[in-house]
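Results of the structural survey
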Amino acid sequence: MLGLKLPTDPRWVNIVEKNIDEILSDHAYCEQKAASTAISLIISFPEYTDLVKEMIALSREEMGHFKMVHDKIIARGQTLARDRKDEYVIALLKFFPKGGSRTTQLVHRLLYAALIEARSCERFRLLSEELEDKELADFYHKLMVSEAGHYTMFLSFARQYGDRIEVDKKWDDLLEYEATIMKNLGTNESIHG
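Here the residue index of a chain counts from 1 through its sequence in written order. Residue-level local features of this predicted model are given only where pLDDT is at least 70; pairs of side-chain atoms are given and counted only at 80 or more, and the full residue set underlies all totals for whole chains, interfaces and linings. The side-chain quantities take in all heavy atoms of the structure and omit both hydrogens and water.

**What to know about the overall build of the protein chain**
Counting from the N terminus, the helices are the DSSP runs of H or I reaching at least four residues and the strands are the DSSP runs of E reaching at least two. Along the backbone of the protein chain there are seven helices and zero strands. The secondary structure elements of the protein chain, listed N-terminal to C-terminal, are α-α-α-α-α-α-α. For a compact globule of 193 residues, the expected C-alpha radius of gyration is about 16 Å, and the protein chain comes in at 16 Å, within 12% of that figure. Seen along its three principal axes, the alpha-carbon backbone of the protein chain occupies a region of about 50 × 30 × 25 Å. Classification of residues uses two cut-offs on accessible area relative to the type maximum, computed with a 1.4 Å probe and protein chains only: under 20% is buried, over 50% is exposed, and between them is partly exposed. Considering the protein chain as a whole, with its 193 residues, one finds that 49% of them fall into the buried category. The size measure is the radius of gyration over C-alpha atoms, and the globule rule it meets is 2.2 Å times the number of residues to the 0.38 power.

Structural data, given as structure tokens:
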């Protein structure tokens, strides 16, 4: 369903289990950045009323997820760690050239967002199926369902605002590129790394 060209090596969960507190902090920041992305799309493209409405709802939902993860961190007797660079996102954002029409810029941002949500969904699925901590596994299962909805929403908006054939070609090319990024990741306790 997600269309990812390179699945995450299931051994990534072993790395996560040894560093649960690290993954929770990284995850919290991923949720905060997703909310920021939604707000940024509102600011950059206010004339797309249907997009704005969905991004308002998404920013609220993502901040709700941030709170849920933060609450898990506190319940574990920890505090939120400092944010780290997301090497996955940094590499991903190099794919499309800068510039172009406003519509092109919007489509590119929507495709990036769709792919980040798809990879998060895939990682959450792994965590929900493989974590020994059943409470956390259940937590990630619930979030996985939400991420799948976000992925399809962003991809649908990209197809709505851009030429469908061109958008689908860009999506496939982006998926291929993302697979090359993922070959060098999956070795640390981060949601995308």
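**Some thoughts on the side chain of S128**
As for its position among the elements, S128 is in helix α5 (residues 102-130). For S128, a relative accessible area of 15% translates into the label buried.

**Notes on the confidence of the model for the protein chain**
With 97% of its residues at a pLDDT of 70 or more, the protein chain has an overall mean of 92. Of all the helices and strands in the protein chain, helix α1 (residues 12-17) carries the lowest mean pLDDT, 86, while helix α3 (residues 49-75) carries the highest, 97. Every residue carries a pLDDT, the predictor's confidence in it, which falls somewhere between 0 and 100.

**Considerations on the packing of aromatic side chains**
Geometry of an aromatic ring pair is reported as the spacing of the ring centres plus the angle between the planes. Stacked, tilted and edge-to-face pairs are distinguished by plane angle, under 30 degrees for stacked and over 60 for edge-to-face with tilted covering the rest, among Phe, Tyr and Trp rings (Trp via its six-membered ring) whose centres lie within 6.5 Å. Overall, the coordinates contain nine aromatic pairs when judged by the stated rule. Residues F45 and Y48 carry aromatic rings whose centres are separated by 6.2 Å and whose planes lie at 70 degrees to one another, so their mutual orientation is edge-to-face. Like F45, the residue Y48 is buried in the burial classification. Judged by centre distance (5.6 Å) and plane angle (10 degrees), the rings of F157 and Y161 are stacked. With a gap of four residues between them, F157 and Y161 both fall in helix α6 (residues 134-161), about one helical turn apart. The class for F157 is buried, based on a relative accessible area of 7%. Joined through ring pairs, the aromatic side chains of F45, Y48, F157 and Y161 make up one cluster. For a ring to carry a charge above it, either NZ of a lysine or CZ of an arginine must fall within 6 Å of the ring centroid while also lying within 35 degrees of the normal to the ring plane. Between K72 and the ring centre of F139, over which it is positioned, the NZ or CZ distance is 5.0 Å.

**Comments concerning the environment of V16**
Along the chain, V16 falls in helix α1. Remark: the alpha-carbon pair of V16 and L131, spanning 115 residues in sequence, is separated by 8.6 Å.

**Thoughts on the pattern of salt bridges**
Two side chains that carry opposite charge are able to pair once their charged atoms sit near each other. A pairing counts as a salt bridge when a side-chain nitrogen of Lys or Arg comes within 4 Å of a carboxyl oxygen of Asp or Glu. If you walk through the whole model with that rule in mind, you get 18 salt bridges. The salt bridge involving K5 is made with D172; its shortest N-O contact spans 3.1 Å. One end of the pair, K5, is in the segment before α1; the other, D172, is in helix α7 (residues 164-182), with 167 residues separating them in the sequence. Given a relative accessible area of 33%, D172 falls into the partly exposed group. Among the ionic pairs, R119 bridges to E122, the shortest N-O distance being 3.0 Å. Within this pair, R119 and its partner E122 are both found in helix α5, separated by three residues, close to a single helical turn. The exposure classification of R119 matches that of E122, with both residues buried.

**Details of the side chain of S25**
Along the chain, the position of S25 falls in helix α2 (residues 20-44). The contact partners of S25, leaving out residues within four places of it in the chain, are I73, T79, L80 and A81. The contact criterion used is simple: two residues touch if any of their non-hydrogen atoms lie within 4.5 Å.

**Some remarks on the environment of D21**
With respect to the secondary-structure elements, D21 resides in helix α2. The exposure class of D21 is partly exposed, given its relative accessible area of 30%. The sequence separation of D21 and E122 amounts to 101 residues, and the corresponding C-alpha distance is 20 Å. The residues touching D21, leaving out its near neighbours within four places in the chain, are R76 and Q78.

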